Amino acid sequence: MGERRPARRRKAATSAGAGAPAGTTGENGTSGKAGETGSPRGARTAAAPSARAAAPKPAKQPKPESRLALVRRARRINRELGEVYSYAHPELDFENPFQLLVATVLSAQTTDLRVNQTTPGLFAAYPTPEDLAAADPEELEQIIRPTGFFRAKAKSLLGLSAALRDRFGGEVPGRLEDLVTLPGVGRKTANVVLGNAFGVPGITVDTHFGRLVRRWKWTEQEDPEKVEAEVASLFPKSEWTMLSHRVIFHGRRICHARKPACGACPIAELCPAYGEGETDPEKARKLLKYEMGGQPGQRLKPPADYPGPPAPPLGAE
C-alpha cells in the first residue's frame with residue numbers, strides 16, 4: 001500500500017495540469033481551472049462584459065424642431081432684429097406709389113444705391129405715368145443705363161406706364177392681382193409697392209430674404225412663392241412688411257452670402273447656421289456694411305431716424 005501513494009500523487013499532479021493549455025494561468029498565478037479564468041471558455045466569459053461596456057453608444061440624433069418651437073424661434077429672431085434695426089425701411093427713394101413701382105422694377109440685378117442715384121434724373125424728365133409712356137425709348141435707355149439691362153427695363157417701364165395710363169386712369173392700383181398684370185411687375189415687386197406705398201402687408205422674397213430664411217431653417221423651399229407662403233404662416237399678417245425689411249437689412253449688413261459676420265451677429269444663438277462665417281468678433285466687425293460699418297447707406301434721402309450718412313449722388317462716390 002505504501003508503494004502506491006507516490007504514484008497517486010503523481011497522477012493527481014498530472015491531472016491538475018492536464019486541463020490547462022500550456023502557458024495559461026489562473027487569477028492566483030497557478031495553472032489549471034482555478035476560477036475558470038485559465039481556460040479559453042473562461043476567458044471568453046470574463047471578457048464579454050468588458051467588451052459590452054467598451055462599445056460606444058450610438059450618438060443621439062437631434063430631435064426635429066417642432067412646429068411650436070419653430071414659430072417661437074422665428075418670432076424671437078424677428079423681435080431681436082426689430083431691436084437692432086428699429087429704423088429698417090425700404091431702401092429705395094420714392095415720394096409716391098408710381099416712383100416706388102418704377103424704382104423697384106429698376107432694382108432688378110443691381111443695387112438700390114444705383115437705382116437711387118438714377119431715379120432723380122428719371123423722374124425729373126418723366127414725373128407721371130403719362131409722361132413716361134410717351135418717352136422716347138432711346139432717351140429713356142440712356143437715363144437708366146447705370147442700372148444695367150437698360151433695354152429690357154426701358155421696355156418694361158414704357159409698357160407699365162402705358163398700362164397705368166390706359167387701364168388704371170394713370171394711378172398705380174392697390175391690389176396685387178392688378179399689379180402683377182403690369183409689364184415687368186411680379187409678385188415680389190407688387191408686395192414691395194403694396195407694403196410700402198399702400199400699407200397692405202406683404203412679404204418681399206428677394207435674394208437676401210430667401211437666403212436667410214433658409215439658413216434659419218424657416219423653410220427649405222427655393223421657389224419664392226413657396227418661401228413666401230411658408231414664412232407668412234409663422235407670423236401675424238401685421239408683421240409681414242417690417243419682417244421683410246429687417247431680414248433684408250440683416251442680409252445686407254451682417255449675414256452676407258459668401259462670408260457672414262457670425263461673430264458680430266445679434267441672433268447667433270438662435271441661428272442653426274452659426275459658424276458658416278467668421279466667428280472671431282474683431283474680424284467679424286470688419287465685415288459689417290453700410291451704417292453698421294460706419295459707411296453711407298443706400299438712400300440719398302434716408303428716413304430721419306436713419307443712424308448712418310446718406311448715400312452720395314451719382315458720380316460723387
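The following paragraphs examine the structure supplied in this document. Not measured: the values here are computed from a predicted model.

Reading the values: the criteria
- Residues numbered from 1 in each chain as written.
- Predicted model: local features only at pLDDT ≥ 70, side-chain atom pairs only at ≥ 80, totals over all residues.
- Heavy atoms only, no water.
- Axes fitted to C-alpha atoms, helices over the stretch in contact; angles between N-to-C directions.
- Helix = DSSP H or I, 4+ residues; strand = E, 2+ residues; numbered from the N terminus.
- Parallel < 35°, antiparallel > 145°, perpendicular 65-115°, else oblique.
- Left-handed = near helix turned anticlockwise from the far one by under 90°.
- Contact = heavy atoms within 4.5 Å.
- Salt bridge = Lys/Arg side-chain N within 4 Å of Asp/Glu carboxyl O.
- Buried < 20%, exposed > 50% of the residue type's maximum accessible area, 1.4 Å probe, protein only.
- Nonpolar A, V, L, I, M, F, W, Y, C, P; charged D, E, K, R; others polar.
- Core = buried A, V, L, I, M, F, W, Y, C linked by side-chain atoms within 4.5 Å.

### As for the packing of helix α7 (residues 137-144) against helix α8 (residues 150-167)
And step 1. One way to put it is that α7 packs onto α8 with a least axis distance of 9 Å and a crossing angle of 120 degrees. One finds that α7 runs oblique with respect to α8. α7 and α8 meet at a crossing whose hand is right-handed. Between α7 and α8, the residues in contact are Pro 137, Leu 140, Glu 141 and Ile 144 and Phe 150, Arg 151, Lys 153, Ala 154, Leu 157 and Leu 158, respectively.

### Some remarks on unusual backbone geometry
And step 1. Although it is not a glycine, Gln 109 sits at a positive phi angle of roughly 60 degrees.
And step 2. Mapped onto the elements of the fold, Gln 109 is located in the loop between α4 (97-106) and α5 (112-125).
And step 3. Not every positive phi belongs to a glycine, and Lys 217 is a case in point at roughly 65 degrees.
And step 4. The topology assignment puts Lys 217 in the loop between α11 (207-215) and α12 (224-232).

### Describing the environment of His 208
And step 1. Within the secondary structure, His 208 sits in helix α11.
And step 2. Taking the C-alpha atoms as reference points, His 208 and Gly 251, 43 residues apart in sequence, are found 5.3 Å from one another.
And step 3. Here His 208 is in contact with Ile 248, Gly 251 and Arg 252, once residues within four sequence places are set aside.

### Remarks on the pattern of salt bridges
And step 1. Counted under the stated rule, the structure contains 17 salt bridges.
And step 2. Two residues, Glu 95 and Lys 301, come together in a salt bridge whose shortest N-O distance is 3.9 Å. Separated by 206 residues along the polypeptide, Glu 95 in the loop between α3 (67-84) and α4 and Lys 301 in the segment after α14 (281-285) bring together distant segments of the chain. Each of the two residues, Glu 95 as well as Lys 301, counts as exposed.
And step 3. The shortest N-O distance in the salt bridge between Glu 177 and Arg 175 comes to 3.2 Å.
And step 4. Since its relative accessible area comes to 44%, Glu 177 is described here as partly exposed.
And step 5. Through salt bridges with shared partners, a single ionic network connects Glu 91, Asp 112, Arg 252, Arg 253 and Glu 291.

### Some remarks on the packing of α5 against α7
And step 1. In contact at an axis separation of 9 Å, α5 and α7 are set at 155 degrees when each is read in the N-to-C sense. Compared by their axis directions, α5 and α7 come out roughly antiparallel. Along its contact with α5, which presents Thr 118, Gly 121, Leu 122 and Ala 125, the element α7 presents Leu 140, Ile 143 and Ile 144.
And step 2. Residue classes in the contact of α5 with α7 are distributed as 5 nonpolar, 2 polar and no charged.

### Quick look at the nonpolar core
Note on soluble globular proteins: their nonpolar side chains tend to be buried together.
And step 1. Counting 37 residues, the largest nonpolar core has Phe 209, Trp 216, Trp 218, Val 231 and Phe 235 as its most contacted members.
And step 2. Mapped by element, the contributors of at least two residues to this core are α3, α11, α12 and α13 (240-253).
And step 3. Beyond its immediate chain neighbours, meaning those up to four positions away, Trp 216 contacts Arg 73, Ile 77, Leu 81, Val 247, His 250, Ile 267, Cys 271 and Pro 272.

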